[in-house]
Amino acid sequence: MAGPANTATANIQAVDARHHWHPFSDMAALNAAGSRVIVGAEGVSLTDSEGHQILDGMSGLWNVAVGYGRREIVDAVAEALTTLSYTNTFFQCTHPLAATYAQAIAELLPAHLNRVFFTSSGSEANDTAFRAARTYWDLKGRPGKKRFIARRNGYHGSTVLGASLGGMAPMHAQSGLPIEGISHIDQPYWFGDGRHLGMTPDEYGIFAADRLAAEIDRLGADTVAAFIGEPIQGAGGVVIPPDTYWPRIAEICRSRDILLIADEVICGFGRTGAMWGFETFGFSPDIVTMAKAMTSGYVPCGGVAFSDDVAATLEEGGEFFHGYTASGHPAACAAGLANLAIFARERLVERVADDIGPYLAKRWASLGDHPIVGEARMRGLIGALELVRDKAALARFPGAAGAGTRCRDLAVANGLVMRAVGDTMVIAPPLVISHAAADRLVARARATLDALAAELLPA
Ligand code: PXG
C-alpha cells in the first residue's frame, strides 16, 4: 500500500511490526509494506486509519453474517458478562445461556441431530469431531476404524489436526503434516479439473465422488472412521460441486459404514441459501462442525452437533475425555443467541435464497463477460471468479505474474475486500448486504478487473 498519510497510522504500523505476529502472513514483506490499520466497521464497510471506506466482500473472514456494529449483540454480550462472566460447563454445571443456545442450534438442525458440544473455533470443532468419531467406532467394537479421508485443498483449521485434515500442500510441507491416518482425495473442481475430462458437470460429480469409494476400498472400509468435507470448499477457492456430488458421497459413506462429517464452518448459517450447506446439496451428515457465522464473529465460538446414534454411542462409553476451558462461554452463547434472533427477525436465510442471493448472483455472473474472467460462479452468497490470460483457451496467467494477489490489492484500492486463492478471486459478503451495496460490489470488482487487465494484458 502507499505510505501512511498520518503519523498515528505510522506509529501503529511500527508497533505492529515490532511485536505482532500475524496469521498466514509473510511477516518480513508485511512489515516492510506496513499493515493496513482497521479502526472501525459498520454495516458492510470497514474504515481504515487513513479514512478509507472499504466494502467488505469477505464478511471479515467468512463470518460476519449480520454485518458490523449490531448493538443488540453487543448489549447481549455485555449483559451476559455482567450477570455471569464465566462458569465452566465441565463439573456437573451448566448455565441458562449454554442450554438455551444448544437447544436453539438443535432446532435449526434436522431431526436426528440434537446434541451440541461447544468450542471456540472451527479448528477445535474439527478436533472434537475427530476424537468423537474414533471413540464412536471403539465403542461399536470396531477399533480398527481410525482413518480419516478428506480432500486436497480442503480447509479444516490450523491446529495440527485441522491442518492435517485440510488438504493444503504448503501447510503440510511446513511442519511435517498430515499426521498418520489421514488421506486426501481430489476436490470436485469443475473449472480446474472436470471441464478437461469430457463429461457433463453431473457426470463429473459422480466421477469425483467415486474417488472416495476408490480410496475407502483401497484402504479397506474396516480401517476408515469418517469422511470430512466442506459442502462448498471455501478457502480452497469456493469450489462449488455439481449437484450429483454430495448425494453420491453420502451413499458411498452409508454403504461402507463410514461416518460423514459436514464441516459447516463457512457454509453453515445461511451462506449457501439454506441454513446448512448439506441442505443445499441434499445430504444428511452424522456429525456437523460449525463456527464463524454462529456468532457473526462478535465473540469466538464453534460447535459440533452429534447425531442421535453418535451421541447415544458416546454415552454408552461413560465419560468422553474432551473439553475446552471456554466450551459454552456465556459471552459466546449470548452472542450466538442474539445473532440467531437477528437471523430470524430479518429472515436472512430466506433472503439469501430468494432475494439478495439471486440478485447478486445475476450481477456477479455478468462479470463472466470480462476479458480476463474464465468463469464466474456463485451459490447463495459465496462466489468466485477464475482469472485467465486467454479467455478463448481459458489459459491461466503465468504464476510469476501474481494475478490473484495483484487483483486483491487493486480491489482494496478500489474500495472492495476480495480474497485471492491463487488466481481464483472469492467473495462471501455479509448476508445483510443491500441491493445498492451489491451493485457497488460488482462495479468495484469490474473496475478492479479492468485495472488488472491493463497491467497484465499486452496493450
Ligand atoms: N473449517 C473451515 C471450512 C474453515 O473455513 C476452519 C474450519 C477453522 O476455523 P478456525 O475458527 O479455527 O479458524 C475454517 C477457517 C481464508 C481462511 O483465508 C479461512 C479460514 C480461516 C483462516 C483463513 O480463507 N477458515
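Keep in mind the model is a prediction, meaning the values are calculated, not measured. (Residues numbered from 1 in each chain as written. Predicted model: local features only at pLDDT ≥ 70, side-chain atom pairs only at ≥ 80, totals over all residues. Heavy atoms only, no water.)

Visitor: For this particular structure, what's the right way to read the site of the ligand?
Guide: As a structural note, the neighbourhood of the ligand is formed by 16 residues, with Trp 62, Gly 122, Ser 123, Asp 263 and Arg 419 the closest of them. Residue Trp 62 places a side-chain N or O atom 2.9 Å away from an oxygen atom belonging to the ligand. In the environment of the ligand, an oxygen atom lies 2.9 Å from a nitrogen or oxygen atom belonging to the backbone of Gly 122. Contact with the protein chains covers 84% of the free accessible surface of the ligand, which is 540 Å². Put simply, the parts of the chain that give the shell around the ligand at least two residues each are helix 3 (59–62) and helix 6 (122–139). Looking at the shell around the ligand, the element that brings in the most residues is helix 6, giving three residues. (Near = heavy atom within 4 Å. Polar contact = N/O pair within 3.5 Å; in protein donor to acceptor, adjacent residues only side chain to side chain. Areas by Shrake-Rupley, 256 points an atom, 1.4 Å probe, with all protein chains shown as cover. Helix = DSSP H or I, 4+ residues; strand = E, 2+ residues; numbered from the N terminus.)

Visitor: Explain unusual backbone geometry to me, please; I cannot follow it from the model alone.
Guide: A negative phi holds for most residues other than glycine; trans holds for most peptide bonds. With an omega of 0°, the peptide bond running from Leu 177 to Pro 178 counts as cis. Tracing the chain through its elements places Pro 178 in the loop between helix 8 (169–175) and strand 6 (182–185). Notably, Arg 347 is not glycine yet its phi reads approximately 45°, a positive angle. Among the structural elements, Arg 347 can be located in the loop between helix 13 (330–345) and helix 14 (348–354). Although it is not a glycine, Leu 394 sits at a positive phi angle of roughly 50°. Along the chain, Leu 394 turns up in the loop between strand 12 (382–387) and helix 16 (403–413). A relative accessible area of 25% means that Leu 394 is categorised as partly exposed. (Buried < 20%, exposed > 50% of the residue type's maximum accessible area, 1.4 Å probe, protein only.)

Visitor: Any chance you could explain the packing of aromatic side chains here in plain terms?
Guide: For any two aromatic rings, the description comes down to two numbers: the centre-to-centre distance and the angle of the planes. Across all of its chains, the model carries 15 aromatic pairs by this definition. Here the aromatic cluster, defined as three or more aromatic residues joined through ring pairs, consists of Phe 227, Tyr 245, Trp 246, Phe 269, Trp 276, Phe 278, Phe 283 and Phe 343. Residue placement shows Arg 195 over the ring face of Phe 191; its charged tip is 4.1 Å from the ring centre. The ring of Tyr 359 is capped by Arg 363, whose NZ or CZ atom sits 3.6 Å from the centre of that ring. (Phe/Tyr/Trp six-rings, centres within 6.5 Å; stacked < 30°, edge-to-face > 60°. Lys NZ or Arg CZ within 6 Å of the ring centre and 35° of its normal.)

Visitor: Would you mind showing me how to read the domain arrangement of the protein here?
Guide: When the parts come together, some accessible area is lost, and that loss is often what is quoted as the size of the interface. What the domain assignment reports for the protein is domain 1 (36–69 + 355–456) and domain 2 (72–346). One C-alpha centre belongs to domain 1, the other to domain 2; they are set 27 Å apart. If you look at the interface, domain 1 gives 32 residues, while domain 2 gives 30 residues. A combined buried area of about 2300 Å² lies between domain 1 and domain 2, and 61% of that area is made up of carbon and sulfur atoms. Here domain 1 is connected to domain 2 by one salt bridge. When the shortest N-O distance is used, the salt bridge between Asp 243 and Arg 379 registers 3.1 Å. At the boundary of domain 1 and domain 2, one finds 14 residue pairs in polar contact (both at pLDDT 80 or more). Of all the secondary-structure elements, those providing two or more residues to the side of domain 1 that touches domain 2 are helix 3, strand 11 (373–379), strand 12, strand 14 (419–421) and strand 15 (424–427). (Domains from an automatic or database assignment. Contact = heavy atoms within 4.5 Å. Buried area = accessible area lost by both parts, 1.4 Å probe. Salt bridge = Lys/Arg side-chain N within 4 Å of Asp/Glu carboxyl O.)

Visitor: Is there a simple way to think about the packing of helix 15 (residues 356–366) against helix 17 (residues 435–456) in this case?
Guide: In contact at an axis separation of 10 Å, helix 15 and helix 17 are set at 20° when each is read in the N-to-C sense. If you check the angle between helix 15 and helix 17, you find them roughly parallel. Pair helix 15 / helix 17 crosses with right-handed handedness. Taking contact as the criterion, the partners of Ile 356, Tyr 359, Leu 360, Arg 363, Trp 364 and Ser 366 in helix 15 are, on helix 17, His 435, Ala 438, Asp 439, Leu 441, Val 442, Ala 445 and Arg 446. A per-class count over the contact of helix 15 with helix 17 returns eight nonpolar, two polar and three charged. (Axes fitted to C-alpha atoms, helices over the stretch in contact; angles between N-to-C directions. Parallel < 35°, antiparallel > 145°, perpendicular 65-115°, else oblique. Left-handed = near helix turned anticlockwise from the far one by under 90°. Nonpolar A, V, L, I, M, F, W, Y, C, P; charged D, E, K, R; others polar.)

Visitor: Explain the sheet that holds strand 5 (residues 147–151) to me, please; I cannot follow it from the model alone.
Guide: For sheets, the rule is that strands pair by backbone hydrogen bonds, running either parallel or antiparallel. Pairing is mixed in the open sheet, where seven strands are placed in the order 4-10-9-8-7-5-6. Because the sheet does not close on itself, it has two edges, and the strands there are strand 4 (113–119) and strand 6. Each neighbouring strand pair of the sheet contributes to a mean axis angle of 20°, computed without reference to strand direction. Two elements, strand 8 (residues 259–263) and strand 9 (residues 287–290), share three bridges in a ladder whose sense is parallel. In the strand pairing of strand 9, Asp 263 is matched with Thr 289. (Pairing = 2+ DSSP bridges.)

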